[in-house]
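Understanding the architecture of this molecule
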Amino acid sequence: MENEYILSNQSDWDTAECICGNHAFGDGFCPCDAVGNQITPEAEWIAGLVVCLACGRIIDPGTFEIVGRNKKLVGVWFEAE
Ligand SMILES: [Zn+2]
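The text that follows walks through the structure, step by step, so that each part is easy to find. The written sequence of each chain sets the order in which its residues are numbered from 1. Since the coordinates come from a predicted model, pLDDT governs what is reported: local features require at least 70, and pairs of side-chain atoms require 80 or more to be given and counted, while whole-chain, interface and lining totals use all residues.

1. Points about the overall build of the protein chain
Along its length, the protein chain carries one helix and five strands. Exposure in this text rests on C-beta crowding, where 20 or more other C-beta atoms within 10 Å of a residue's own make it buried, 12 or fewer make it exposed, and counts in between make it partly exposed. The C-beta atoms are placed from the backbone. Out of the 81 residues in the protein chain, the part that is buried amounts to 26%. For the protein chain, the proportion of contacts with a sequence separation of at least 24, taken over those separated by at least 6, is 35%. Secondary structure follows DSSP: runs of H or I at least 4 residues long count as helices, runs of E at least 2 residues long count as strands, and numbering of each begins at the N terminus. Placing a C-beta atom from the backbone of each residue, one calls two residues in contact when those atoms lie within 7 Å.

Below, the structure is given as C-alpha cells:
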C-alpha cells in the first residue's frame, strides 16, 4: 500500500491541508500521542505527531506522511459524515 501524505508545500503548516479537506484554518490539527489522542500543551510531546481534528488521521509533521488514524476521534467529530 502506498503511503498517504497530506497536501502542503511540506514547509509551512499554514498551507497544510488534510486529504479530508481540513486545514489549519478549519478544524485544524493538534499535537497528539502515538495513537492520535490529543495532548495538552503542557504535556511532553513524545510522539511528535499531530492529528487532524476533522478525520482523526495521524500525521508526521516532519514528512507530512499519514501514519495512522484515530478512529475514536473520528467517532466524536465525524457524526455528520
Ligand atoms: Zn483530515
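From this point, the narrative continues.
2. Digging into the pairing of strand β4 (residues 57–60)
With two bridges connecting them, strand β3 (residues 49–52) and β4 associate as antiparallel partners. Bridged to Val51 within β4 is Ile58. Paired strands are those between which DSSP finds at least two bridges. Where β3 folds back on β4, the antiparallel hairpin that results is connected by four residues, among which Gly56 adopts a positive phi of roughly 85 degrees. In the sheet, β4 pairs with strand β5 (residues 65–69) via four bridges, with the strands oriented antiparallel. The partner of Ile59 across the bridge, within β5, is Ile66.

3. Brief notes about the nonpolar core
As used here, a nonpolar core is made of buried Ala, Val, Leu, Ile, Met, Phe, Trp, Tyr and Cys residues. They are joined through C-beta atoms within 7 Å. Ranked by internal contacts, the top residues of the largest apolar core, which has 15 residues, are Phe29, Leu49, Val50, Val51, Cys52 and Ile59. At the level of secondary structure, the elements contributing two or more residues to this core comprise β2 (29–32), β3 and β4. Per-element accounting of this core gives the leading share, four residues, to β3. Apart from residues lying up to four places away in sequence, Val50 is in contact with Phe29, Cys30, Pro31, Cys32, Ile59 and Pro61.

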